[in-house]
Structures are given as structure tokens and as C-alpha cells.
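Reading the structure
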Amino acid sequence: MKKSEAWAALEEADSSRVLVLDGAMGTMIQRHGLTEADYNDGRFEASVPLKGNNELLSLTRPDVILSIHRAYLEAGADIVETNTFNANRISQRDYGQEGRVAELNLAAAKLARQAVDEAMAKDPSRRRFVAGSMGPTNQTASMSPRVEDPGFRAVDFDALEEAFREQARALLEGGADILLVETAFDALNVKAALCAIRSVCAERGELVPIMVSGTISDASGRLLTGPTLEALYASVRHAEIYGIGLNCALGASAMRPHVETLARIAECRVSAHPNAGLPNQFGQYDQDAKGMRAELESFVDRRLVNVLGGCCGTDPTFIREIADLVRGRKPREVPKLPERTLLAGTDVLEISERSNFVNVGERTNVSGSAKFRKLIEQENYAEALGIAALQVENGARVIDVNLDDGLIDSVAVMRKFLNLLASEPSVAAVPWMIDSSRWEVLEAGVKCVQGKPIVNSISLKEGEEVFRKRALRLRELGCAMVVMAFDEKGQATTYDRRVEIISRQWKILTEELGIPGTELFFDANILTVATGMPEHDRYALDFIETARWIKANCPGAHVVGGVSNVSFAFRGNNPLREAMHSVFLYHAIAAGMDCGIVNAGQLRPYDQIEPELRERLEDVVLCRRPDAAERLVEIAESVKNSAQAESAAASPEWRTKGACERLATSLVMGVDRYVAEDMPEVLAELKTPLAVIEGPLMEGMNRVGELFGAGKMFLPQVVKSARVMKAAVEILNPLLAESAKKSVSAGKIVLATVKGDVHDIGKNIVSVVLACNGYEVVDLGVMTPPERILEAAVAEKADAVALSGLITPSLDEMRVVAERMEEAGLKIPLLVGGATTSKLHTALRLAPAYPSGVVAQTADASRMPGVLKSLLHPVTGEAARRALLEEQAAAREKRSANGPAAKVPLDEARRRKFEGEWN
Amino acid sequence: MSSRPSAPKSSETALWRPSRDEVSGLVEWSAFFAAWGFRGHWPAIADDPEQRDEALKLFRDAQDELARLEPDIRCVAAVLPANAVGEDVEIYASEARDEARERFCFLRMQRVRADGGPLYSLSDFVAPKSSGIPDWIGLFEVSVFGGTEAAAEARSRGDEYSALLRQLLFDRLAEAAAEWTHRKTMSDLWGIGDGGPAVGIRPAPGYPACPDHTEKAKIWSLLEVERNVGAKLTENYAISPVSSVCGLMFAHPKSTYFGIGKIGRDQLADYASRKGWTLDEARRWLAPSLDEE
Ligand code: B12
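Right, let's walk through the structure included here. On a predicted model such as this, the values are computed, not experimentally measured, just so you know. (Residues numbered from 1 in each chain as written. Chains lettered and ligands numbered in written order. Predicted model: local features only at pLDDT ≥ 70, side-chain atom pairs only at ≥ 80, totals over all residues. Heavy atoms only, no water.)

**Looking at the site of the ligand**
This is how it is decided: Nearness of a residue to a molecule or strand requires only that one of the residue's heavy atoms be within 4 Å of it. The term polar contact refers here to a pair of N or O atoms within 3.5 Å; inside protein, the definition further demands a hydrogen-donor-capable atom paired with an acceptor-capable atom, and it admits residues adjacent in sequence only when both atoms are side-chain atoms. The numbering of helices and of strands both runs from the N terminus, where a helix is a DSSP run of H or I of at least 4 residues and a strand a run of E of at least 2. Three residue categories are used. Nonpolar comprises Ala, Val, Leu, Ile, Met, Phe, Trp, Tyr, Cys and Pro, charged comprises Asp, Glu, Lys and Arg, and polar comprises the others, including Gly.
Looking at the ligand, there are 41 residues lining it, with S804 and T808 of chain A together with D171, H213 and I239 of chain B nearest. Nearby residues around the ligand are contributed by chains A and B. One of the backbone nitrogen or oxygen atoms of T808 of chain A is found 2.7 Å away from an oxygen atom of the ligand. Between the ligand and the protein, one listed contact pairs an oxygen atom with a side-chain N or O atom of H213 of chain B at 2.6 Å. Listed by contribution, the elements that provide at least two residues to the shell around the ligand are α30 (761–772), β23 (800–804) and β24 (830–833) of chain A together with α5 (160–190) and β8 (244–249) of chain B. When residues of the shell around the ligand are assigned to their parent elements, the largest contribution, 4 residues, is made by α30 of chain A. Classifying every residue of the shell around the ligand by side-chain character gives 25 nonpolar, 11 polar and 5 charged.

Structure, rendered in C-alpha cells:
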């Protein structure tokens, strides 16, 4: 698209100076002391008061808005922002004014235009600009407003795009030179805005300068919905933006480190318009213009910005200072950075010449993983998310999501699953590969993704027209893309066909459509070898050769493939398959393959593969001899068997170790058979029973605790280990002095199921897990009245009280115990667990009942020792307790700020009852 | 499709004492594995290389233990004349339907449903009184005795593993006995179906479709549970012995399980007045159905 005239003028202006953006609009409007009659002169029909809906003033009090623009221009602003921050149909819906959006934007843009034109007439020496302000709306497309339903979204991409399109169209019609997407707290909202703006520009036939300005909401430098600034930049880079920057939330000095980040990474202009410091307790800004200027000096000294202005709390005196500060000073120079691919989840992933192989997790794919498919079919999303998280834990740097299955509604399920994935921080952090053979699924998927995803895939299967259209659409939506070596005639299986198709695709995508090579991931088809068909023999080698060709002929582009295909002939023989993948990757990576879809948990290092096997695998992969496949099949079974033997043989061997080691191992393995046999030898070696407990037994139990805590051991094993511990301690007990018994305990815990509740099992499991971690447990059983709990806590000098309860009334009983503990002057931690308990309930109801202590809730028993240990720690316990209290206070605050989810009024709900159709 | 309620063959209260082997085929093992911290469904767990070995060991131990257990399984059930009045369901003393013996109170969903689906209440599955169409509702309670003692015996030997196994198996048997009773009630009392998987649903007070535990007391009085089975309710409406389940049975072919979710203040007040509770009492018993404020 050709760039607008304003764009050229802007570039000319910014080449030699820092441009000055105006200051706050709201602060200035407030000073006029307007009333409802100013906001609504009778022209709006409204069921709520309209005072505070500042955008309406462009129609009802144009004189006020015009005077504010004039004051800023007077003070030295080069760019003034239109009074349209909330002039979109989503925000205006709160006031019932969504029908007025076009009108409001048009009027506001005309006012700013008028002010700028007047200023230019007075002093034509400098060009001044109108920036159309586009706020983020009051909804987020990346987060659920409902705690209990993380997959829910109050607004989606399409609704946002539509709203922004309407706004952008009117702003440009009214004379805006620039569009400023500001105060962004959600990268997906921004992407929708960019899509909208570019489509309006396409209608008008010219691209206007777009500025994106984010708002940071926490100390780690992330937007509200999670993305870092690097990730935000990666998500918007495709849209040929004029500038990126930050505004609001922070004062200048707090904003500086983040502006530095942008200054380092952005290949476009950088802007900053901070608040006048931080608000005081009344929500007002105390910093004055000189104070802000002092903090902004380093922005200019260090040449961090191209555009500088003010946000909340600033007025023309601030802008005058800023204009004075930047006069005659050099702006930031836009850096030329090396070519690279940026992908993002909420964190950025950079792929350049120097970066390592990128492995894409393949387990969240219904056609690749039977387990995942079953979970999706059963709508067991919680566990399906677990699979995604596990891949990231195992080192996947991108995760592939494929939900193509005849039985499920892939579009709906893709949306749902991605929305849920977004709520899992470890998975949301990495970029996603949206994978489907259906275009609707791909398009619906990417519209749910914050950050910059890869789409898998497009090809020439349906001809050039479709290919072009889809590639352009993906580019618009800000996605990198997998391009498969497939054309109208079918899938490429030979080197020649691969090169033929890929060169044609490369030409269309880069030369014709102008898509940078760095956005492309060519999938040159990894196909199965050693199938017994001679025409398949060269499949792996041809892929490797194609990878080399791509790297030499398609600068910036990547080579990707689904690795497990190559070994498909050896289904059921995982040891062999894993070795084959390693050998294949070793050679493919050397040839230039830089991204692969793999099972991240299962790659064997190339140099650990046994030499004979490796040679035969290489014969196959590199097609080195005609009988390669037969020779591999010959040893395939023995590879499988020896791998099994290896794991089976591991166990008896431990019986040959020293006695202490044997005892500890018995414990870890939960085998009680050898305890009595080994004990005399252990006692002889360590002399005292206490040394046995503190030595091999504790050591073994610690290992069990760790393995279980890390999810590497199952509960039955833990319980069996506890049984071994008990058997061992029973042998030692008669020999043990009273004083010694105490010294081995990590602490004493009083445990009970509360009054009126009979559930026992969860409590018993907690007891076992605590015992495994060295705690002494006093179990009071089920249906325990509060008095007994208090009595035991005091009499036993307990270090903590733990309560279990599974039914609703137990929640209230827990509160009663908390109150009694407070009354009794106790300060020890109270832990609660069981179905129906929750972090939120604990924060809202239990913690306030026991202000002298702390109340912690954990979802399952395995987390409990960790929590207990941190709360009881002699040195850091205090800090841990304080952190918990703060977390709970924050939860309370957030709850009261968010308010309850919307409800259907009871009488309407009754009208919408299920109709039984009796007759 | 019309769904004319069908009259039961008998409205007597039935007592059954099935043997272990009669119900054990209905045990749902997934929940057993879930309690032990395994992920996913049985038998799929046995196909998962990560979990397979430990799961199979556990399964073998469970089968061995089950074969040794001697549970005392007691079930009581009845199908009674009933009609809906708003979200209440009246239970009548006789087919004349002129005197209500009891009145179950249910809640209604109030969440915003994007799919436009119905906002259910369990009362929707019973023909309204105003329609003049006679309808019925089933009630049941099952308890499996002996679990607490069997677990205590193992625990006294320091064998926590067997104790937990036994407790969980008794719980599974209780759930299986509930399924068994559901089928038996439908075929023998109601005359719907052939004893295979039952038509309709059997929600249990305390579960998401009817979160109010206090409704159990009505089942206790209608079925004379204490006399017929020997199970008791605690002051907070938990059932002793622990391996017990009670619930209602609805035969409407389109009846379905659902969750009430969070209710509004309007319904809280309405429900409190139907139950004769103060607002604070209502808050206590319905806590998870309310927005925490
Ligand atoms: C199995 C089960 C049963 C079994 C066995 C019950 C039993 N003996 O425990 C049977 C079938 C008998 C049953 C019956 C009923 N059940 Co039931 N049942 C369940 C189910 C599905 C699993 C419970 C379980 O055993 N889990 C396995 C154990 C190991 O887990 P756990 O007890 O939760 O303990 C773990 C953690 O919670 C934690 N933990 C537990 N305590 C503590 C304490 C501390 C300090 C800490 C740190 C951690 C901790 O660590 C444990 C291990 O990780 C739950 C649903 C659920 N999601 O929990 C419903 C559930 C508990 N049941 C429920 C209901 C309503 C009932 C019935 C009242 C239904 C009825 N009308 O008959 C009856 C009542 C039984 C009675 N005797 O009173 C509801 C309670 C809802 C509520 N808000 O009140 C639940 C939550 C189901 C639901 N979603 O609605 N149930």
C-alpha cells in the first residue's frame, strides 16, 4: 500500500527532532467543572447519567475541546490527540451511545483538525499533526472476567475489529493524520485494532502512520494480559507501524527502563507519554511540570525516544516544559537490526542464524496422540492442558495444537482450547503453532491468540489464487506460516518436486506479496523410510538435501518438519524410533533444518546411540546401501529387547549395595520384604537407632517426598513407602529413648475432618504425606468438634493445625475453628483442604477470622509439605506468611473490584426454563 | 415428541440387600484411580506408558482386596406421586394427589448462557401441578456397612496402604450400589426399561444440580432410612456410614445432569423464604452457589 502524505511529512519532521505529543484530555476537561447538562444537551437518549462520558463533549461542548487543543498547540505540541479515547461501540455501550460512535469520532477529528490548521496558519514553519486516539475498549479478548470459567471471553477478535474499523474510518474521514492505538493492555486487542485500521486504509488506498502504545501493569514489565514488551512488539511488527511506545500507569522515571527496552528492539519510532508521577491516595497527581521534566531529561540525553508527551495528570504547562526540553535535541535513531524471526506467546522467541534448533511439542495433536484425542473428546480440558504444560516443561519451545477430528466441532473446540491454554501461564508464555487442514479452523484459531503464532499450514493444493489469499490474510493477522510442499498435482516426494514447488511458493510469497522470508517455515515433507518399498529409500535423504537447498535459496526462511513420520515403519518399537529421530535430526539440522515437530520429552543424544545401531540407522537415513532397511530390521527387535532388559535389570542390582543404601532403596521402592533382614546390619554399622532414622530412613523418605512433590511418583508408591517406614520404625522404637523421638520430628501437626463431616480418605492421605516428610501427625479422626481440635492443638503444642472437609457445611465449620484459634490466642498456621475449599474462600472467609495467624489452602496433599515447610521455616517463615497474607488481601481486593458475574434475573430465568413437553 | 409420564408398577418402599458380586460389576474404576492421583480414565490409564506399571499393580491389589471384602450393602427406594409447583416438587400421600406429604425445594440456573439453552431446575423434569398431568419421582438411599471397621483393622496393623484400598473400595461399592438401585428401581418399581442402564438421571443432594444438603432429611423421612437401612445424618447432613449415597430419580427422557452455578440475590431470598430460613442460614447452606462478596 502506498503511504499517505502525512506519513512523509511526519518522517521529514521527525528526522531532526523529537516530536512533542500533547498531554491529558481528561485532566483538562475536569477543570471546566461541567455538569450533566453539558454532557447531554437533550440530544442523547440515555437511561444512565452521561456525565463523565467525555467523548460526547465533542458534540455538546466543542468549544471546550477546541480550547484544550489550542492550549496544547500553544504550549508547543506537534501532535494533538482527538477526544476519542472511548469513542468505540464497546465502551459506549455502557452509556447506551453505541449508535453515535461514527458521529463522535468525526466531530472530534474535525475539532482537532481545525485547531491544527489554525496553528499552522499562524506559524507555518512547523508541521503539526492530528492523531486519532483509539483506546483499548473496556474488554479484553485474552482473559476471562470470570474466575471460575477461564475459557470464557467477554469480547472476541471479530467484535473488536468491527468496533475499531468503525472508529478508524470516522477518524480518518474527519482529518486525522495518524492513528494512535493507545493504553493497550492486551496484545490481542491491539492486533484486532491493527487489522481494522489496515483494512480501512486499504479501502482508502493509502496507509496512514499507526502508533501503538502499550500500558505496563506490573513491575515485571508486562501488559495486563501477560505479554512482555518484546512479545508485544513481535505481535505488531507485521503491521508496518510508524511507532511503538508506552503511556499511562507509570510516571517518567518508572517508565524509563521499559522505554529503554523498546528503544533497543524496535525497528520503528519509539514514543513515551508517561503520567505525572504516581497518583496519591486521592487519585490525584502531585508531580509538577518541572519535576516531570527533570525525570524526562535522561530520555532525551540518551536518545531513547522520537515522540514525547504526557498522559494522566499532565497539562499545557507540562507540554511547554517538554517542548522546551527537546528543542534542538537529537531524536532516537531507528536502528538497523539483523534479519530475524520473532515469535511470541507472552514471552518472545527469537530465531536467527545463531539460535538453536526449535523443537515444537507434538503431543497436543489429536491425530498424533490417542491420549490427547480421548481427553478432548471427553471434554477433559484440565488434563488436556496438563499435556501442553508437560511439553513445555520437557523443553518444547513452541507447541503445536491440532484438533482436526471428524467427530468434534474443530472450530469451536479450537477456540475453547486456545482460550483455556491462555490461562496456563507456562503454556501461554511460548508461541503456539495453530495446526489444521481446515482454513476456518486456522482463521478462528489465530483470532484467539495473543502474541505471534505460526500457522500450520498453507500450500498450493487448491491453486495459486487460494494460496495468495490465505497467505495475505495470515500476514494481516500477524502470523508466521508453515508452507507445505504440496501443489495442485499433490505432495512432493522427490528432491526435484520439492524444489520445484518451494521455489514457486517462495516467488509468490516474497516477490509478489512482499512477505519477508523470515515469516516462512517451509515444510518439505518428512516421509517414512525403511518401508520395504525401494521408492521410499531416498525420502529422508531428499528431505535433507531440500533443507540445504532452502537455506541456500530462500534467505531468512526456516525448514520445518514432523519428525516422527520418518520412523513410522517401526511403530511399537519406541527405542528404535527415538534413536532414528536423533540420527535423522543430526543430519537434517546440519543441512539447515531449524525447527521440528517432535515429542519434546523423548530425544536421545546422537552420541549416546550405540555405534552399530547408529551406523545402520545412518545407512537408512542417508540411503547409503540398497540393503539398508533390511539390515536395520534385522536388529530392530534386539534394540527393543535390550532397552527393556536394561530397565528390568536395574532393580535386582540394588540388593548388592551396602546395607544403608539397601534400606533407603527399600523405602523408596515401597518394598517391605527386606526391612527386617537388612536392619541388624544397618544397626551394626550406624550404632544407634537414632542414627538409622536420621540416616538412611530420612534420606529415603526425603527422596520419596521429592519425587512425589515433583510428580514423579504415584500415591500408591508413597503410601507403600510410608508402610516401609512404619515397619522400620517399629523395629527401632523399643530401642529408642523418648528424647530422641522428638528430635527427629520436623514438627507436630494436629489433623482432623471437621464437625459433621465423615470424609476420611483425603485426610488419611494428607497424614501419610506429612509422615513421609518427617512430620509427626496427631489424627483426631472424622466429625471432630472444634473444642477437641483446640484442646489437642494446645495440649500437643502443635506446630500447625490441618483440617479436611468435603461438603459445603464444612466450609463454615472451618471458619468456626479459625475463630476459636483466634480466641485462644494461637498463632500457628491453619491449613485446610478437600473438595469445596478454595483459595478464594480461604482469602475471603477464613483468613479474616484468624488475623493473628495464617490460613493456607492447598488443592492436593502433595503440595502441603512444601507450604508447611515454608510457613514454619525459622528464618524465612515470617516472609512466607506475610507473602501469603498479601496474596489473600490482593484476592479480596480483586474480588470486590471485579464484582460478581452477570446473572439472569430469576423471573427471566423462569421464563427460560426447560420445557418438558407433556401433553 | 411428547413425554407422558408413566405410572409406576408399585409405590411401595422397597428394601434390597444385593451381594458384593451383584454390584461389583458396576464399579466405576476411573474414580478409584483418580483418588490415587492417576490422571485420565480407566482403562485408558493402562495404555499410558507413564502410568501403566503402577496402575496395573494397584489394579491387581484392588481386585485381590475386593475378593476378600465382606460388605453389607443395604438399599432402599420408592417411586412416589409428585408434581412441580414452581421450583418445588410436591410429594403426595396418595394418587388422589390432594395432600402433599413433603415438598422438595430446588434451585434454578441463572447464568448467562451464550448458547441460549434452557436455564434448568430439577423441577422442570416433573410435570407441573397446573397441567393436571400426574407424574412421579423416585427416591433412594444406599449404604455399605463394614468399611470403617475393615480399614481400622488394617490400620491397626500399621498397613495404611490396605486401609486406604479398603476405604476406597467401599466407596466404589456404594457408588456401584447406587447405580444398581437406580436400574432396579426403574425396572422393578417404575416399569421403565429392562434392568440395563437406567433412563433418566439420579441427582444427589449436595451435587451441583441440587447443592442444598439439607434436602436429604426429606429422603430420610419419606423412606424411613434410619429404620430401613440404619444410616444416619450428622448435624451437617453428611451420611454415616461414610460409604453412602442418597438421591432422587427423574424419568423424563430429556432429563439431564447440570450445575446450578452461582445464583443471584433474588433467588437467594426466594429460596430462603421457601425453606423458612433467614438469609444468613441460606448463605451458610448454599455457600458455593453464591458469589463470594
Ligand atoms: C468419591 C466421592 C464420593 C464417595 C466416597 C466419599 C468418601 N468416602 O470420601 C461416595 C460415592 C460414597 C460419595 C458420597 C457422597 N458424596 Co461425594 N464425592 C466423591 C468425589 C467424587 C471424590 C472424593 C474423593 O474420595 N476423592 C479422593 C480423595 C483422596 O481426595 P480428597 O478427599 O479430596 O482429598 C485430597 C485433597 O482434597 C486434599 N485434602 C483433603 N483434605 C485435606 C486437608 C488438608 C489440610 C490439606 C492440605 C489437603 C487436603 O488432599 C487429598 C489428597 O490429595 C467428590 C468430588 C471431588 N472432586 O472431590 C465428591 C463430593 C465430595 N461428594 C459430594 C456429595 C454431595 C456427596 C453426597 C452427599 C451425595 C449424596 N447425596 O449422597 C454423598 C455423601 C456421602 C456421605 N457419607 O456423607 C460433593 C460435595 C459437594 C459439596 N459442596 O458439598 C462432591 C464435592 C461432589 C461434587 N462435585 O458435588 N462421594
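Back to the text.
**Regarding the packing of helix α9 (residues 187–204) of chain A against helix α10 (residues 229–236) of chain A**
A pair of packed helices can be characterised by two numbers: the angle between their axes and the separation between those axes. All names here are of chain A. What counts is decided by this rule: Fitted lines through C-alpha atoms serve as axes, helices being fitted only where they are in contact, and the angles separating the N-to-C directions of these axes extend from 0 to 180 degrees. By definition in this entry, angles of less than 35 degrees are roughly parallel, angles greater than 145 are roughly antiparallel, angles of 65 to 115 are roughly perpendicular, and the rest are oblique. Crossing chirality is assigned from the near helix's rotation relative to the far helix, an anticlockwise turn below a right angle marking it left-handed and a clockwise turn marking it right-handed. Pairs of residues are marked as contacts when any of their non-hydrogen atoms sit within 4.5 Å.
Contact pair α9 / α10: the axes reach a minimum separation of 10 Å and the direction vectors enclose 25°. The angle between α9 and α10 falls in the class roughly parallel. Note that α9 runs across α10; the crossing there is right-handed. Across from A187, V190, K191 and L194 in α9, the residues of α10 making contact are L232, S235 and V236. Tallied by class, residues from the contact of α9 with α10 come to 5 nonpolar, 1 polar and 1 charged.

**Quick look at the side chain of T341 of chain A**
Residues and elements named next belong to chain A. What counts is decided by this rule: Burial classes follow relative accessibility: with a 1.4 Å probe on protein chains only, a residue under 20% of its type's maximum area counts as buried, one over 50% as exposed, and anything between as partly exposed.
Here T341 lies in strand β9 (residues 341–344). By relative accessible area, T341 is classed as buried at 0%. In terms of polar contacts, T341 uses its side chain to reach the side chain of H558, at 2.5 Å. Not counting chain neighbours up to four residues away, the residues in contact with T341 comprise R237, L349, E350, I351, T518, F521, G556 and H558.

**Looking at the pairing of strand β6 (residues 243–251) of chain A**
Residue and element names in this part refer to chain A. Where we set the bar: Strand pairing is defined by DSSP finding a minimum of two bridges between the two strands. Crossover handedness is defined here as right-handed if the route from the first strand over the helix to the second strand goes clockwise, with the strands pointing away from the viewer.
For β6, the tally of buried residues reaches 8 of 9 residues, placing the bulk of the element in the interior. One ladder, built from 4 bridges, connects strand β5 (residues 210–214) with β6; its direction is parallel. Among the inter-strand pairings, M211 is bridged to a residue of β6, identified as G243. The sheet contact formed by β6 and strand β7 (residues 269–275) spans 6 bridges and is parallel. Each residue of the ladder has a partner; that of I244, found in β7, is V270. The parallel pair β6 and β7, bridged by helix α11 (residues 252–265), forms a crossover whose chirality is right-handed.

**Structural notes on the environment of R172 of chain B**
Residue and element names in this part refer to chain B. For R172, the location among the structural elements is in helix α5. Considering only alpha carbons, one finds R172 and E28, 144 residues apart in sequence, at a separation of 7.0 Å. Each residue touching R172, except ones within four places of it in the same chain, is listed here: V27, E28, A31 and F32.

**Topic: the pairing of strand β2 (residues 72–85) of chain B**
Residues and elements named next belong to chain B. The buried fraction of β2 is high, at 11 of 14 residues. Sheet topology places strand β1 (residues 14–16) next to β2; 3 bridges connect them, and they run antiparallel. Each residue of the ladder has a partner; that of W16, found in β2, is C75. Strand direction decides the pairing type here: β2 and strand β5 (residues 135–145), joined by 11 bridges, are antiparallel. Along β5, the bridge assignment pairs V79 with G138. Linking two consecutive strands that pair antiparallel, namely β2 and strand β3 (residues 88–92), is a turn of 2 residues; a positive phi of about 60° is found at G86 within it.

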